[in-house]
There are 2 protein chains.
Amino acid sequence: MTTYTAINLIKRPTGGPINADLFEVVQKQMPTVGEGEFLVKQSHMSLDPAMFGWMSPDTNSYIPPVALGDVMRSSGIGEIVESNHPEFKVGDRMMGMMGWQEYFLSNGQGLNKVTASLPDEAILSIFALPGLTATQGLFNVGKPQKGETIIVTGAAGSVGSIVGQLAKADGLKVIGVVGSDEKADWIVNELGFDAAINYKSDDLDAQLALHAADGIDLYFENTGGPIQNLIIEHMNPHGRVMVCGLIADYNKQVPTPGPSWMNVLKRRLTIQGFTMPDHFHQVPALLEKLTPYVMAGKIKHRSHVLEGLESSISGLNLFFTGENKGKLIVKL
Amino acid sequence: MTTYTAINLIKRPTGGPINADLFEVVQKQMPTVGEGEFLVKQSHMSLDPAMFGWMSPDTNSYIPPVALGDVMRSSGIGEIVESNHPEFKVGDRMMGMMGWQEYFLSNGQGLNKVTASLPDEAILSIFALPGLTATQGLFNVGKPQKGETIIVTGAAGSVGSIVGQLAKADGLKVIGVVGSDEKADWIVNELGFDAAINYKSDDLDAQLALHAADGIDLYFENTGGPIQNLIIEHMNPHGRVMVCGLIADYNKQVPTPGPSWMNVLKRRLTIQGFTMPDHFHQVPALLEKLTPYVMAGKIKHRSHVLEGLESSISGLNLFFTGENKGKLIVKL
């Protein structure tokens, strides 16, 4: 084999669904593995909502956008197939930001060796961005206390499902907001959430009053959308909002307004945005926090696996439609 | 004298200007001063934006609303004219929540002796709610660092003017948002702010870009209003917003929406509401923090004094029109 396939970003999204013309599929020359380098053959790539941020031109964002013409950024997992690096050998499983391509040449920087004997899908679903994000946001931003009530939007999503299970394991009352009855069933009956609210139902306020009768202390936000305004109205004094994602707004040119700050003032709320690139140096501590929950069998997951490198392009739109069932993963 | 005058709240505001029919002016019997009690003759009362919250029926607010038929809540200062309390003697100056009335009977709880030899107006303008609020919000919520840039809305107001001067004394770049050229002149040329922006001007975004060329790290919010959305667009990563007041929204039935959380996420902002009743136990520490700035002559103030108890009613509307010049005080 002398070439491999990669997908470059060549245009920025301007709202609406992600179209194939934002990308070009290219054949690249297989690289020569130099001294201190190794080559990874990716087996699975992760699709994450954060990718919409990476494609956007906003230079004020938390991470530089992918440059036009560069390989689309993504995290993934694979095996070393060739190595001239003393610390990494052929057959080692590696995880990290390898992008939309079949092979990745590395000097080791930014990649982590995978030691847990779990399948690729489980690694990408729990120990990669979703689990790290859930752990950082819930524990280090939200600072939950046993007995508090937390509401999680996008609760059947890759991050939300872990947040809810971690909170449940720590003795919180956990309410999940989802977009289908199937997902509602999954988070309550499989994951053990206390309640689920389908945001497409027409009595959201009544649902919130019913399931959060004692008010909401923590609000883990993955989606945005009009339910934001209602949730804020049900929050208790000194409530904390962790803003992790706003998928409902990623493909809008003008994002919808947020709630008035009147409740922020009257209820003395704290609303805090966070993104993982600020916390990559904390990854070892985050994994140390997360691992015991996983080992105790308290974190279930499900993966939605797409086949083939190019399926990633249309796969991104599943975030907008909510049709994915579980963590989106592309099998190469 | 066998009676004195008091003003009771008898109706709740429903939006728009404050009308006299929300209140009744009553004559009350002079009380008998019992054992362990003393009687204060109020000399000056403070009018504060927080009073709109105290009049509102919202039981989710940070402090119970004034009950209909009760004396309107307010802070003030006065002298003890009769005492049967061992620790307080006739002539002592007392400060605290004494309400809209000429006399206040107390057992000492909740009132503080005034020891600083400053005029009543200076005490109410600096060492009462405005200075305590400014100190708590700026230092304990905002955690400012030398060299950062802060923007303060309502910058010529009782709280904002102190926030800006404290920040300036600590080596921050200070931008004030005001509603008149006269106020802009005052905060820059008298108080030493680095820049002023009149929010009624038509090039707010350009003004922000000009005066906050390096972005905004701290945003002390007293007013609300459309400039909120623009300020958020100029904030630096990890910026902090202290929500202290939203005067532009107090007399609206439906508050205007806030900024989208997209910038909260991308810039990892923290938006935190705070109100003083949560921090009354910290008053000694706050005064200890504030006093050296005052003693060093770094905190200037100006008072707008209204004459007579009943002037407080229409006086509240000055907060909406912005016509007050300095801390609103009612002289009895």
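About the thresholds
Residues numbered from 1 in each chain as written. Chains lettered and ligands numbered in written order. Predicted model: local features only at pLDDT ≥ 70, side-chain atom pairs only at ≥ 80, totals over all residues. Heavy atoms only, no water. Helix = DSSP H or I, 4+ residues; strand = E, 2+ residues; numbered from the N terminus. Buried < 20%, exposed > 50% of the residue type's maximum accessible area, 1.4 Å probe, protein only. Contact = heavy atoms within 4.5 Å. Areas by Shrake-Rupley, 256 points an atom, 1.4 Å probe, with all protein chains shown as cover. Lys, Arg positive; Asp, Glu negative; His and termini not counted. Charge placed at Lys NZ, Arg CZ, Asp CG, Glu CD. Domains from an automatic or database assignment. Buried area = accessible area lost by both parts, 1.4 Å probe. Salt bridge = Lys/Arg side-chain N within 4 Å of Asp/Glu carboxyl O. Polar contact = N/O pair within 3.5 Å; in protein donor to acceptor, adjacent residues only side chain to side chain. Nonpolar A, V, L, I, M, F, W, Y, C, P; charged D, E, K, R; others polar. Core = buried A, V, L, I, M, F, W, Y, C linked by side-chain atoms within 4.5 Å. Pairing = 2+ DSSP bridges. Axes fitted to C-alpha atoms, helices over the stretch in contact; angles between N-to-C directions. Phe/Tyr/Trp six-rings, centres within 6.5 Å; stacked < 30°, edge-to-face > 60°.

Colleague: Would you take a moment to explain the overall build of chain A for this structure?
Modeller: When you go through chain A residue by residue, the secondary structure sums to 12 helices and 15 strands. Each principal axis of the C-alpha atoms in chain A carries an extent, and together these give about 60 × 45 × 35 Å. Sorting the 332 residues of chain A into buried and exposed places 56% on the buried side. Restricting the contact set of chain A to residue pairs at least 6 apart, pairs at least 24 apart contribute 66%. If you sum the accessible surface of chain A, you get close to 13400 Å²; carbon and sulfur atoms cover 52% of it. Between the mean site of the 26 positive side-chain charges and the mean site of the 34 negative ones, chain A shows a separation of 5 Å.

Colleague: Just checking my understanding: could you explain the domain arrangement of chain A for this structure?
Modeller: Accessible area lost upon the coming together of the parts is a frequently used measure of interface size. Residues and elements named next belong to chain A. Partitioning chain A into domains gives domain 1 (3–115 + 302–331) and domain 2 (130–277). Relative to domain 2, the C-alpha centre of domain 1 lies at a distance of 29 Å. The interface is formed by 15 residues belonging to domain 1 together with 11 residues belonging to domain 2. When domain 1 packs against domain 2, the two sides together hide about 1300 Å² of surface, and 62% of this comes from carbon and sulfur. Our count for the contact surface shared by domain 1 and domain 2 stands at one salt bridge. Arg302 serves as the salt-bridge partner of Glu182, at 2.9 Å between the closest nitrogen and oxygen. The interface formed by domain 1 and domain 2 holds three residue pairs in polar contact (both at pLDDT 80 or more) in total. Among the residues forming the side of domain 1 that touches domain 2, the class breakdown is six nonpolar, five polar and four charged.

Colleague: What should I look at first to understand the nonpolar core in this one?
Modeller: Most often, soluble globular proteins have nonpolar side chains that are buried together. Counting 45 residues, the largest nonpolar core has A:Trp261 and B:Trp261 as the members making the most contacts within it. Not counting residues up to four positions away in its chain, the partners in contact with A:Trp261 are B:Tyr219, B:Glu221, B:Gln228, B:Ile232, B:Val241, B:Val243, B:Leu246, B:Pro259 and B:Ile271.

Colleague: In this structure, what is going on with the side chain of B:Ser260? I would like to understand it.
Modeller: Checked against the element boundaries, B:Ser260 lands in the loop between helix 8 (247–250) and helix 9 (262–266). Classification of B:Ser260 as buried rests on a relative accessible area of 12%. A polar side-chain atom of B:Ser260 sits 2.9 Å from the main-chain amide nitrogen of B:Met262. Discounting chain neighbours no more than four positions away, the residues touching B:Ser260 are A:Asp249, A:Pro255, A:Thr256, A:Pro257 and A:Gly258.

Colleague: What should I look at first to understand the interface of chain A and chain B in this one?
Modeller: Between chain A and chain B, the contact holds 38 residues from the first and 38 residues from the second. Of the roughly 3200 Å² buried between chain A and chain B on both sides combined, carbon and sulfur atoms contribute 64%. At the boundary of chain A and chain B, one finds two salt bridges. Between B:Arg268 and A:Asp278 there is a salt bridge; the shortest N-O distance is 2.6 Å. Between chain A and chain B we count 10 residue pairs in polar contact (both at pLDDT 80 or more) in total. If you list the elements that add at least two residues to the side of chain A that touches chain B, you get strand 11 (216–221), helix 7 (227–233), strand 12 (235–243), helix 8 (247–250), helix 9 (262–266) and strand 13 (270–273) of chain A. For the side of chain A that touches chain B, the per-class residue count stands at 18 nonpolar, 13 polar and seven charged.

Colleague: When you look at the sheet that holds strand 11 of chain A in this model, what are you seeing that I'm missing?
Modeller: Across a sheet, strands are paired by hydrogen bonds formed along the backbone, either parallel or antiparallel in direction. Strand order in the open sheet formed by 12 strands is 10(A)-9(A)-8(A)-11(A)-12(A)-13(A)-13(B)-12(B)-11(B)-8(B)-9(B)-10(B), and the pairing between neighbours is mixed. In the strand order of this sheet, the two ends are held by strand 10 (195–198) of chain A together with strand 10 (195–198) of chain B, each with one partner. Averaged over neighbouring strand pairs, the angle between their axes works out to 15° when direction is ignored. Bridging between strand 11 (residues 216–221) of chain B and strand 12 (residues 235–243) of chain B involves five bridges; their strand directions are parallel. What sits directly across from B:Ile216, in strand 12 of chain B, is B:Met235.

Colleague: What's the story with the packing of aromatic side chains in this structure? I'm lost.
Modeller: To describe a pair of aromatic rings, one takes the distance between the centres and the angle between the planes. Scanning the entire structure with this criterion turns up 16 aromatic pairs over all chains. Measuring from ring centre to ring centre gives 5.1 Å for B:Phe23 and B:Trp100, while their planes differ by 40°; the resulting arrangement is tilted. In this pair, B:Phe23 is assigned in strand 2 (residues 23–29) and B:Trp100 in the loop between strand 5 (93–97) and strand 6 (103–106), connecting sequence segments 77 residues apart. Both residues of the pair, B:Phe23 and B:Trp100, count as buried. Seen from their ring centres, B:Phe38 and B:Phe88 are 4.8 Å apart, and the 40° between their planes marks the pair as tilted. Within this pair, whereas B:Phe38 is found in strand 3 (residues 38–46), its partner B:Phe88 is found in the loop between strand 4 (75–83) and strand 5, the two being separated by 50 residues in sequence. Taking relative accessible area as the criterion, B:Phe88 reaches 12% and is therefore assigned buried. In textbook terms, an aromatic cluster arises when at least three aromatic residues are bridged by ring pairs, as seen for A:Phe52, A:Phe319 and A:Phe320.

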